[in-house]
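# Fold and geometry: a report
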Amino acid sequence: QVHLVESGGGLVQAGGSLRLSCAASGRTFSSTDMGWFRQTPGKEREFVASITWNGGSTFYTVSVKGRFTISRDNDKNTVYLQMNSLKPEDTAVYYCAARKYYRNNYNAPQDYAYWGQGTQVTVSS
């Protein structure tokens, strides 16, 4: 079982930066692949980025590549999402998730069994 709590969301102007954090409880964090997803009203949850258990590999959706960076600190049981050059279209609720299944690609939300409560990111133009 993994319990996740996101923080760091807020209101920022276009071109600005935010850093999201996701604190995890549970003994298995250091061996768990982690992901960030986002969702806007009326739309499906969208993959943003993921990182393997040891930080050795990272993956991004095309729209954030070069602007967002996912990282983790296994000593602190925390995964981060550094978001730079933010755009109004990045506005969403951002969710941290822990992967449990490997039936699909890393960007499939159905492979992630544990989710945080979400943190709102709003980018004004």
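Whatever comes next refers back to the structure up there.
No experiment lies behind these values; they were computed from the predicted model shown.

### Considerations on the state of the cysteines
Tallying each qualifying case throughout the model produces 1 disulfide. There is a disulfide in this structure between Cys22 and Cys96, and the S-S distance comes to 2.1 Å. Disulfide Cys22 to Cys96: torsion about the S-S bond roughly -75 degrees, handedness left-handed. A residue pair is termed long-range when its members are at least 10 positions apart, and Cys22 in strand β3 (residues 18–25) and Cys96 in strand β9 (residues 92–99) qualify at 74 residues. Neither Cys22 nor Cys96 differs from the other in exposure class; each is buried.

### Quick word on the environment of Arg27
Counting through the fold element by element, Arg27 comes out in the loop between β3 and β4 (34–39). Sequence spacing of Arg27 and His3 is 24 residues, and the spatial spacing of their C-alpha atoms is 10 Å.

### As for the packing of aromatic side chains
Aromatic ring pairs are described here by two measures, namely the spacing of the ring centres and the angle between the planes. Here the structure, examined in full by the defined rule, presents 6 aromatic pairs. Feature note: the residues Phe37, Phe47, Phe59, Tyr106, Tyr112 and Trp115 constitute an aromatic cluster, connected by ring pairs. Geometry around Tyr95 places Arg45 over its ring, the cationic atom sitting 3.8 Å from the centre. Between the NZ or CZ atom of Arg72 and the centre of the ring of Phe29, over which it lies, the distance is 4.5 Å.

### Things to note about the pattern of salt bridges
Proximity of charged atoms lets side chains of opposite charge pair with each other. Inspection of every chain in the model, using the stated rule, returns 4 salt bridges. The residue Arg38 makes a salt bridge to Glu46 at a minimum N-O spacing of 2.8 Å. Owing to a relative accessible area of 6%, Arg38 belongs among the buried residues under this scheme. Look at Glu46 and you get partly exposed, because its relative accessible area is 32%.

### Quick notes on the sheet that holds strand β7 (residues 68–73)
Overall, antiparallel pairing links the 4 strands, which are arranged β1-β3-β8-β7 in an open sheet. Unpaired on one side and paired on the other, β1 (3–7) and β7 mark the two borders of the sheet. Strand-to-strand, the axes of this sheet are offset by a mean angle of 15 degrees, without reference to chain direction. As defined by bridge partners, β3 adjoins strand β8 (residues 78–83) across 6 bridges and the pair is classed as antiparallel. Paired with Ser21 across the two strands is Tyr80, which belongs to β8.

### Points about the environment of Gln110
Relative to the elements of secondary structure, Gln110 occurs in the loop between β9 and β10 (112–115). By relative accessible area, which is 51% here, Gln110 ends up exposed. Once the C-alpha coordinates of Gln110 and Lys100 are considered, the two residues, 10 residues apart in sequence, prove to be 9.2 Å apart. Not counting residues up to four positions away in its chain, the partners in contact with Gln110 are Tyr101 and Asn104.

### Things to note about the environment of Phe68
Within the fold, Phe68 resides in strand β7. The spacing of Phe68 and Gln82 is 14 residues in sequence and 5.5 Å in space, taken between C-alpha atoms.

Cut-offs and rules
- Residues numbered from 1 in each chain as written.
- Predicted model: local features only at pLDDT ≥ 70, side-chain atom pairs only at ≥ 80, totals over all residues.
- Heavy atoms only, no water.
- Disulfide = S-S within 2.5 Å.
- Helix = DSSP H or I, 4+ residues; strand = E, 2+ residues; numbered from the N terminus.
- Buried < 20%, exposed > 50% of the residue type's maximum accessible area, 1.4 Å probe, protein only.
- Phe/Tyr/Trp six-rings, centres within 6.5 Å; stacked < 30°, edge-to-face > 60°.
- Lys NZ or Arg CZ within 6 Å of the ring centre and 35° of its normal.
- Salt bridge = Lys/Arg side-chain N within 4 Å of Asp/Glu carboxyl O.
- Pairing = 2+ DSSP bridges.
- Axes fitted to C-alpha atoms, helices over the stretch in contact; angles between N-to-C directions.
- Contact = heavy atoms within 4.5 Å.

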